[in-house]
Amino acid sequence: MADEYLTIRQNRRDYLKPLVFKQKSSGHLPRGATFLAVIIIILMLAIILGNIIYGGAGIISWEFLSHPPERGMEAGGIFPAIFGTVFLVLLMVIAVVPVGVMTAIYLHEYTRPTSRVTKIIRVSINNLAGVPSIVFGLFGLGFFIGFIGGGMDAVFFPKEGPVWGQPAIIWAALTLALLTLPVVIVSTEEALRTIPRELIEASYALGGTKLQTIWRIIIPQALPGILTGSILAVSRGAGEVAPIMFTGAAYYLPYLPGKLNDQFMELGYHIYVMATQSPDVEATKPILFGTVLVLLVLTFLLNFVAVYIRSSMRRKRAAA
Amino acid sequence: MPQHDNQIKIINQEQSLHPDTGTKSSPNYKMMVSSLDFWYGDNKVLHDISLNVSRNMVKALIGPSGCGKSTFLRTLNRMNETIPGTRMEGVIKLDDMDIYKDFGDPSQIRTRIGMVFQKSNPFPKSIFDNVAYGLRVNGIKDIGLVSEVVEDSLRQAALWDEVKDILDNSAYALSGGQQQRLCIARALAIRPEVILMDEPASALDPLSTSRIEDLIGELKKLYTIVIVTHNMQQAARVSDETAFFFQGVLIEDGPTKEIFTRPRQKKTEDYITGRFG
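Figured I'd write up the structure that's included with this text.

Calculation rules
Residues numbered from 1 in each chain as written. Chains lettered and ligands numbered in written order. Predicted model: local features only at pLDDT ≥ 70, side-chain atom pairs only at ≥ 80, totals over all residues. Helix = DSSP H or I, 4+ residues; strand = E, 2+ residues; numbered from the N terminus. Rg over C-alpha atoms; globule rule 2.2 N^0.38 Å. Buried ≥ 20, exposed ≤ 12 C-beta atoms within 10 Å, placed from the backbone. Contact = placed C-beta atoms within 7 Å. Axes fitted to C-alpha atoms, helices over the stretch in contact; angles between N-to-C directions. Parallel < 35°, antiparallel > 145°, perpendicular 65-115°, else oblique. Left-handed = near helix turned anticlockwise from the far one by under 90°. Bend = angle between axes of the 7 residues up to and from the residue. Nonpolar A, V, L, I, M, F, W, Y, C, P; charged D, E, K, R; others polar. Pairing = 2+ DSSP bridges. Core = buried A, V, L, I, M, F, W, Y, C linked by C-beta atoms within 7 Å. Expected span 1.5 Å × (residues − 1). Arc of directions from axis to C-beta.

Considerations on the overall build of chain A
In terms of regular secondary structure, chain A is built from 12 helices and two strands. Along chain A, from the amino end to the carboxyl end, the secondary structure elements read α-α-α-β-β-α-α-α-α-α-α-α-α-α. Here the C-alpha atoms of chain A give a radius of gyration of 29 Å, more than 25% beyond the 20 Å that 2.2 N^0.38 yields for 320 residues. Here the C-alpha coordinates of chain A stretch approximately 115 × 65 × 40 Å along the principal axes. Counting only residues that meet the buried cut, chain A has 37% of its 320 residues in that class.

Here's the deal with the overall build of chain B
A tally of helices and strands in chain B yields 11 helices and 10 strands. Taken across its 277 residues, chain B has 45% of its residues classed as buried. Summarising the internal contacts of chain B: among those between residues at least 6 apart in sequence, 70% fall at separations of at least 24.

Topic: the interface of chain B and chain A
On the chain A side, the residues contacting the 23 residues of chain B number 16 residues. The set of elements that each furnish at least two residues to the side of chain B that touches chain A consists of α3 (106–110), β6 (113–116) and α4 (127–137) of chain B. A total of three residues in the side of chain B that touches chain A trace back to one element, the largest contributor, which is α4 of chain B.

As for the packing of α4 of chain B against helix α5 (residues 143–156) of chain B
Residue and element names in this part refer to chain B. Between α4 and α5, the least distance of the axes is 9 Å, while the angle of their chain directions is 110 degrees. Taken together, the axes of α4 and α5 are roughly perpendicular relative to one another. Crossing angle aside, the handedness with which α4 passes α5 is right-handed. Between α4, through F128, V131, A132 and L135, and α5, the contact on the second element is made entirely by V146, V149, V150, S153 and L154.

A closer look at helix α6 (residues 133–156) of chain A
The largest bend along α6 of chain A measures about 30 degrees and falls at G140 of chain A. Among all positions of α6 of chain A, only F136, G137, G140, L141, F144, I145 and G149 of chain A are buried.

Observations regarding the packing of α4 of chain B against helix α7 (residues 176–189) of chain B
Residues and elements named next belong to chain B. Their axes nearest at 7 Å, the elements α4 and α7 cross at an angle of 30 degrees. The orientation of α4 with respect to α7, classified from their angle, is roughly parallel. For α4 against α7, the interelement crossing comes out right-handed. For the pair α4 and α7, contact is made by I127, N130, V131, Y133, G134 and L135 and by L182, A185, R186 and A189, respectively. Of the residues assigned to the contact of α4 with α7, the class counts are seven nonpolar, two polar and one charged.

Observations concerning the sheet that holds strand β3 (residues 58–62) of chain B
Residue and element names in this part refer to chain B. Taken in spatial order, the six strands of this open sheet run β6-β7-β8-β3-β9-β10, and their pairing is mixed. At either margin of the open sheet sits one strand with a lone partner, and together these are β6 and β10 (249–255). For this sheet, the mean angle separating the axes of adjacent strands, direction not counted, is 15 degrees. As judged from the four bridges shared by β3 and strand β8 (residues 224–228), these two strands associate in the parallel manner. When the sheet's bridge partners are listed, L61 is paired in β8 with V228.

Comments concerning the nonpolar core
Counting residues in each nonpolar core, the largest one holds 144 residues, and the members touching the most others are L88 and A173 of chain A. When sequence neighbours within four positions are dropped, the list of residues in contact with A173 of chain A reads L88, L91, M92 and A95 of chain A.

A word on the pairing of strand β9 (residues 241–246) of chain B
All names here are of chain B. Buried residues dominate β9, accounting for six of its six residues. Side chains of β9 alternate between two faces, with E241, A243 and F245 and T242, F244 and F246 buried alike. As paired strands, β3 and β9 are joined by four bridges and run parallel to one another. Bridge assignment links L61 to a residue of β9, and that residue is A243. Here β9 pairs with β10 via six bridges, running antiparallel. Each residue of the ladder has a partner; that of F244, found in β10, is E252.

What to know about helix α8 (residues 206–219) of chain B
All names here are of chain B. Between its terminal C-alpha atoms α8 stretches 20 Å, which fits the 20 Å expected from 14 residues at 1.5 Å a residue. All of the buried residues in α8 are R211, I212, L215, I216 and L219. Seen along its axis, α8 keeps its buried residues to an arc of 145 degrees; they face one direction. In α8, the exposed positions that point more than 90 degrees away from the buried face belong to P206 and L207. On its buried face, α8 sits against β3, α5, α7, β7 (194–198), β8 and α9 (232–238).

See below:
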């Protein structure tokens, strides 16, 4: 009995013995490593931007922005490429925004989040966002130009040469629209999720139909998100080359595109052409840098506007 | 004026301006619910509910959280249909009309059975446009008529004197209690026959709550009211009839006085005396 008591005491003493922990470093290493990573990123960006601004700023002028290329792109400006880019993304927005917004509204208002259909659509959208852009280009060539354009020619213009079944700005815009569809869907959905359910129910409770509720409450509320999505889609689309090289972008055109089945020049493709196909790469270098700078400023500006709209929308929400 | 009356008749589908005149058959009951079952997905939340709502009375639905009283309320104007994956069986009648079978689009029944929510939910629009919303979605464009109905509705909701000079201001500039009265005015603007209220005062301070309660007393002269409340005193104060729900089942239903003084069921007694819930 006494022995037993002693053992218990003994065990308790063992248990109560102070523990000795291993000495730890104060964490300079992780801090240093992460900081280094940040520095590398910033440095890279600075080198890229610095290089472009250094090489390109000199050539930017009103002449450069408003005149077509001359002498095999060794002189002159880039106006047709700017015009083509704007025309292209405009068509793309017209195609992608209604489809993207309607898809998001369908997913949010008409389906159960757990249903199989919703899951399949979501997986498709995510996969669409992951498809390499060159694949979109090939798809556009095969589907829009070959199948749709070729089909239209066979039905409406059987005697003439290809009218729609050839690379054209409309097919390039539709291909880009496919590529940017996930951007529009995702940001519209994000905006839809922030709409208080109570507002939607209030509209239904007052005898609003589904369509009226979508039109008068949901879309106005989601508008900043839809706008953000469209701008992000534009800035994404404006910088893509691969999807348009088979579907409509031209090396050089003596005229501006005026019809939907015209080819067009585009900034990104123009850069690619100047860097790889020019007869004298050295001579086109300043123009090349200038074009890159214009494209960068354009996309940065668009991104900035998108971020600004989104943050001011958040502020307004927080205030209300 | 006569012409205006006609237009109002159109939205109310041949109902008079002050609807509850009791000219139809079954004059005592405005709404009749029989054998109602309701599911969220596979989860059955209402079991065989049969209940009548008397004309120009206030019916209170009480019970602990999750007992199904709000779900039940939302079946009365087909609001649950806006939630995908819900299902119901049974019959709900407004006068002689089956609200699930005799109306094509659910929006039609909701112009006759209005609703006020727990959390005040004005639209991010002006005070005027909030009240006018129901008229506009129901096709009334005449601005003279709209202004007239907006003023009338705000008066009925006892809000007119406070907002008559700031009708163009955002509804969000109003206090919580005012916002809730605005939501009541908005529901009144479509001239419903029945008003469903889902804990309309639970987010308000005592003063605003008592204003809402006074308002309910006034409104029952013109409308039939069904109110869900957590507050037993409130149920006792404002209602004529009370129904007690527990775990998706209607336990007891009767005149408020009897429910609160001589409940027939043990469960009801336990709940109203605060033994659970």
